[in-house]
Amino acid sequence: MATSSAWKLDDHPKLPKGKTIALIVLDGWGESAPDQYNCIHNAPTPAMDSLKHGAPDTWTLIKAHGTAVGLPSEDDMGNSEVGHNALGAGRIFAQGAKLCDQALASGKIFQGEGFKYVSESFETNTLHLVGLLSDGGVHSRLDQLQLLIKGSAERGAKRIRVHILTDGRDVLDGSSVGFVETLEADLVTLRENGVDAQIASGGGRMYVTLDRYENDWEVVKRGWDAQVLGEAPHKFKNAVEAVKTLRKEPGANDQYLPPFVIVDDSGKAVGPIVDGDAVVTFNFRADRMVMHAKALEYEDFDKFDRVRFPKIRYAGMLQYDGELKLPSRYLVSPPEIDRTSGEYLAHNGVSTFACSETVKFGHVTFFWNGNRSGYFNEKLEEYVEIPSDSGISFNVQPKMKALEIGEKARDAILSGKFDQVRVNIPNGDMVGHTGDIEATVVACEAADLAVKMIFDAIEQVKGIYVVTADHGNAEDMVKRDKSGKPALDKEGKLQILTSHTLKPVPIAIGGPGLSKGVRFRKDLETPGLANVAATVMNLHGFVAPSDYEPTLIEVVE
Ligand SMILES: O=C(O)[C@@H](CO)OP(=O)(O)O
Ligand SMILES: [Mn+2]
Ligand SMILES: [Mn+2]
């Protein structure tokens with residue numbers, strides 16, 4: 001790849017090139033006060049602990065939520081998409097949640113090409129809305145769905161079917177009932193006003209539709225069967241009753257609710273997707289919509305038997321994959337995350353190895369590279385995916401593939417072939433989402449062992465490590481009141497927190513290759529994840545582009 005002048009990075013005046021850098025992202029690893037709900041504190045994590053104590057020059061905290069990562073407000077917890085986007089792109093982009101808010105508030109969403117396209121079905125056919133039903137703000141938001149439904153009805157949608165996916169992962173488990181009741185009440189009002197509006201199907205997000213990175217197509221198939229074919233093992237006349245009843249099944253919770261369809265008095269599904277219908281998927285976040293989008297859009301498709309492939313007018317809330325241009329129609333233009341650090345470094349000859357297990361593979365590749373799949377330069381990059389366990393909830397195998405990721409990273413470091421070895425270690429996050437505190441402690445220990453393995457390899461090649469996280473999760477596993485004490489529910493019970501948090505995340509640098517005098521600056525007011533890219537570019541021996549968020553480090557004599 002010839003380096004055009006636009007891509008050429010200036011040499012760093014003080015820092016050398018050619019050091020091997022291990023870049024470790026601990027998924028869902030925030031910093032919080034120690035107590036019994038802080039699984040990171042309660043796990044033996046000697047590698048991570050060794051970085052922290054008495055080392056203010058090489059260990060610090062950075063912001064990983066809210067406006068620091070392009071989310072609408074400081075009440076928005078961080079997540080992997082916005083976190084890895086910020087880490088990789090070195091700048092803060094207004095993210096999907098915010099762009100959709102703006103488009104809905106101004107009404108522009110209804111004037112765009114995407115909406116016009118789907119609205120051509122309104123007169124004669126059904127509008128289906130499919131997505132995650134909660135106010136979590138990570139993948140979707142209920143208030144955005146409400147505005148979309150209202151706006152569509154005002155613009156001629158006569159028959160509306162909503163296919164819901166219950167959450168319990170970005171919000172408390174059990175909250176699905178309240179969200180379904182709220183939606184149902186809206187639909188009742190619409191019906192009173194002459195719009196035939198109903199919930200048509202549903203299921204838990206982790207079991208129905210929202211798989212990612214092709215971990216388990218069965219998940220998408222279950223959703224297809226319910227949404228398109230109108231077939232599911234459970235049939236109900238009413239969605240509130242469906243959710244309440246199915247939550248009582250063994251092992252069921254909001255995340256893993258079995259699929260159901262709503263049927264009429266004669267037992268017929270009320271809303272299968274058929275030829276001529278319009279479909280809008282109202283999630284703004286990409287990763288868990290890509291597989292579903294392929295099933296809805298691709299003529300050639302062999303991942304499961306679709307039985308019927310209806311000719312529909314389909315639009316995503318956003319375009320979910322910029323490289324694949326998928327879906328081809330969308331309501332809101334996604335953030336244009338360009339000139340990522342990965343692309344710059346590839347243009348400047350830096351060779352990169354990236355690895356995680358399936359459930360986080362796209363985080364260190366696709367999200368890292370600004371929601372773009374594929375290599376920038378095949379000769380310089382190698383991305384390795386370790387297959388994740390599928391069909392289980394991760395508290396059953398809390399060690400996940402941490403050690404395998406550690407081994408792959410170690411081998412890549414020792415091979416001498418790569419300047420940057422980048423990994424995501426998923427345990428704190430994936431097991432934290434199960435709400436299983438004991439398993440999450442085991443998960444954090446496993447993550448730390450993987451970190452240690454990578455540190456050892458860096459030691460051998462006299463390289464540098466940068467270790468950080470994308471957002472919090474495992475460091476706080478209980479819902480708290482304003483004073484920070486565990487909040488009790490109406491029955492006086494603790495409410496286990498399965499979601500991410502608002503906490504800052506640690507970042508540490510070190511290793512024998514770190515030049516003397518490199519330390520974290522103290523003059524940045526609120527450093528966040530977006531400051532990491534410039535830092536890493538410096539450690540590779542380059543000055544970051546001038547519009548990147550400033551580097552976290554300085555070199556003192
Ligand atoms: O699992 C997911 O989809 C989200 C939570 O909704 O987690 P993360 O952002 O860490 O991928
Ligand atoms: Mn994450
Ligand atoms: Mn997560």
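Residues numbered from 1 in each chain as written. Chains lettered and ligands numbered in written order. Predicted model: local features only at pLDDT ≥ 70, side-chain atom pairs only at ≥ 80, totals over all residues. Heavy atoms only, no water.

This part covers the coordination of the manganese ion (ligand 3). Looking at the metal site, the manganese ion (ligand 3) is ligated by Asp-429 (OD), Asp-429 (OD), His-433 (NE2) and His-500 (NE2), spaced 2.1 to 2.3 Å from it. Mapped onto the sequence, the donors of the manganese ion (ligand 3) take the spacing D-x3-H-x66-H. For the pair the manganese ion (ligand 3) and the manganese ion (ligand 2), the metal-to-metal distance amounts to 4.2 Å. On the criterion of sequence distance, the pair formed by His-433 in the loop between helix H14 (427-432) and helix H15 (437-460) and His-500 in the loop between strand S14 (464-469) and strand S15 (505-510) is long-range, its members being 67 residues apart. With a relative accessible area of 3%, His-433 lands in the buried category. (Donors = N, O, S within 2.8 Å, 3.2 Å for Na, K, Ca; no water. Helix = DSSP H or I, 4+ residues; strand = E, 2+ residues; numbered from the N terminus. Buried < 20%, exposed > 50% of the residue type's maximum accessible area, 1.4 Å probe, protein only.)

All right, on to the UniProt feature "binding site: Mn(2+) 1" (unreviewed entry) in the protein then. As recorded in UniProt, the sites labelled "binding site: Mn(2+) 1" (unreviewed entry) are Asp-429, His-433 and His-500. Maximum C-alpha separation among the annotated residues is 7.9 Å over a sequence range of 72 residues, consistent with a single clustered spot. Take Asp-429: it is sitting in helix H14. Apart from residues lying up to four places away in sequence, Asp-429 is in contact with Asp-27, Gly-28, Lys-360, His-471, Asn-473 and His-500. Look at His-500 and you get buried, because its relative accessible area is 5%. In contact with His-500, not counting residues within four places along its chain, are Met-77, Gly-78, Asn-79, Ser-80, Asp-429, His-433, His-471, Gly-472 and Asn-473. (UniProt positions renumbered as here; feature names shortened; annotations may be inferred. Contact = heavy atoms within 4.5 Å.)

Okay, the coordination of the manganese ion (ligand 2) next. All of the protein donors around the manganese ion (ligand 2) are Asp-27 (OD), Ser-80 (OG), Asp-470 (OD) and His-471 (NE2); their distances to the metal are 1.9 to 2.1 Å. Its relative accessible area of 1% is what places Ser-80 among the buried residues. The exposure class of Asp-470 is buried, given its relative accessible area of 0%.

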